[in-house]
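Report on the structure
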Amino acid sequence: MPKQIAILTSGGDCAGLNAVMRAAVYRADSLGWKVLGIENGTAGLLDSPPRIRGLKPADFNASVMRQGGTILGTTNTRNPFRYPVPGGETRDRSEELIAIIKGLKIDALIGIGGDGSFEIMSRLATQGNLNFVGIPKTIDNDLDMTDFSVGFDTAVAVATEALDRLQPTAASHDRVMILEVMGRDAGHIALSAGIAGGVDVILIPEIPYTVENIAKKINAVKAGGRNFALMIVSEAVKTPEGNKRQVVYQGGEKRYGGIGEFLGPKIAEATGSETRVTVLGHVQRGGAPTYNDRLLASGLGVKAVELVNEGKFGRMVAWRHNEVTDVAIEDAIRQCRVVSMDSSLVHTARALGISFGD
Ligand code: F6P
């Protein structure tokens, strides 16, 4: 009997997940492993019957790797240690889940996830003595020990394109355009897209700002003869008073959102400029992956299966200094990788005259 790898996508989706799976399935096939796809993250295994299907190279025809989303489905709201049950309560279903994985004769589990998913899966692996390898994906790019996670490059490309589209309309109407982007507690998307999209102001959660300083920059732009300004703001930026802007969804799930709308009128008042706000939201997670995300996905998918084949577990595959490598999973999730104040990109932005509002 060939040995079996199970693969799942977990947490928020992003572009490039299907390309990761394609690479993993191709490499598994060439090394003689069977691959089972688990649908809907670990939650799919807790359904009755468990939601699994075989994955073969033929399942990845030419179009699948180009598609956004995940053909397996995913969830970011069903932690097996606090699984939601009717009535608003939660229940620990981890032992049940481990028993199901063992019953399916899964020799190794590959999880494509971010920090939250890896915390859950490595805890499960320790508790159930499971063989686990992680592949980093998150548009937030906040996993430590890897320069890039799958999905980030595409999200930055989408945000940059949004700025390219906002610039001519800003110029036509003499407006200040504010673009709110995702990224959770790390400002990587706003920083990269802000530089690439030629904005005047970048607000990220790592750098405190004042509305007065933002207005000073915008007024200086206008005094210099330009009739419009562009600003990008990361969703976790707090109000000047230090409050988070959040939205509460069904089941009490909280997500960042609303800082753009909060700041728009304040900036309009401080600068006397007509101001409009665009919230990019989940558009950053959909669509075809960029070529960089496809390369990353391919390299990481192949490497994850090779680690399994070598019997190396408790590892996360990583992209560091232009090479595919692997690191201990606990090192990748020990801390959220936020924007470092001495990063080249912060220096570059400042050197280009971009204001962080500080
Ligand atoms: O972690 C990825 C991410 O897209 C964040 O940038 C964002 O804050 C969050 O997920 C949105 O989550 P949901 O898809 O549950 O609304």
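Along each chain, residues carry numbers from 1 onward, in the same order as the chain's sequence is written. In keeping with the model being predicted, local features are shown solely for residues with a pLDDT of at least 70 and side-chain atom pairs are shown and tallied solely at 80 or more, while totals for entire chains, interfaces and linings include all residues. Derived side-chain values reflect all non-hydrogen atoms in the structure, with water molecules and hydrogen atoms excluded from consideration.

**Looking at the domain arrangement of the chain**
In terms of domain boundaries, the chain breaks down into domain 1 (4–150 + 289–320) and domain 2 (154–286 + 341–351). Marked domain ranges trace back to an automatic or database domain assignment. For domain 1 versus domain 2, the distance between C-alpha centres works out to 33 Å. Any two residues having at least one pair of non-hydrogen atoms within 4.5 Å are treated as being in contact. Contact residues are listed per partner, giving 14 residues for domain 1 and 14 residues for domain 2. Buried area between domain 1 and domain 2, both sides added, is near 1100 Å², and the carbon and sulfur share of it is 48%. As a working definition, buried area equals the accessible area (1.4 Å probe) given up by two parts on being put together, with both sides summed. Counting the surface domain 1 buries against domain 2, the share from its top three residues, Asp13, Ile139 and Asp140, is 45%.

**Quick word on the environment of Leu46**
A run of H or I in DSSP becomes a helix once it reaches four residues, and a run of E becomes a strand once it reaches two; helices and strands are each numbered from the N terminus. Note that Leu46 resides in the loop between strand E2 (34–38) and strand E3 (52–55). Each residue gets one of three labels from its accessible area relative to the maximum for its type: buried under 20%, exposed over 50%, partly exposed in between, using a 1.4 Å probe on protein chains only. The class of Leu46 is buried, set by a relative accessible area of 8%. Separated by 62 residues in the primary sequence, Leu46 and Ala108 have C-alpha atoms spaced 18 Å apart. Excluding residues that lie within four positions of it along the chain, Leu46 makes contacts with Pro80, Tyr83, Arg93, Glu96, Leu97 and Ile100.

**Here's the deal with the pattern of salt bridges**
The salt bridge definition used is simple: a Lys or Arg side-chain nitrogen within 4 Å of an Asp or Glu carboxyl oxygen. For the structure on display, the rule yields 19 salt bridges. Across the pair Arg93 and Glu96 runs a salt bridge whose closest N-O atoms are separated by 2.6 Å. For Arg93, a relative accessible area of 11% gives the class buried. A single network of salt bridges, built from pairs that share partners, joins Glu39, Asp47, Arg51 and Arg53.

**Points about the sheet that holds strand E8 (residues 175–181)**
Taken in spatial order, the four strands of this open sheet run E9-E10-E8-E13, and their pairing is parallel. Two strands bound the open sheet, and with one partner strand each, they are strand E9 (201–203) and strand E13 (274–279). Mean inter-strand twist for the sheet, computed between neighbouring axes without regard to direction, equals 15°. Any two strands are treated as partners once DSSP identifies two or more bridges connecting them. As defined by bridge partners, E8 adjoins E13 across six bridges and the pair is classed as parallel. Bridging across to E13, Ile178 finds its partner in Val277. Every axis in this analysis is a line fitted to C-alpha atoms, fitted for helices over the stretch in contact. Angles between the N-to-C directions lie between 0 and 180 degrees. The strands touched by helix H5 (residues 188–196) are E8, E9 and strand E10 (229–234); relative to E9, the strand with the most contacts, the crossing angle is about 170°.

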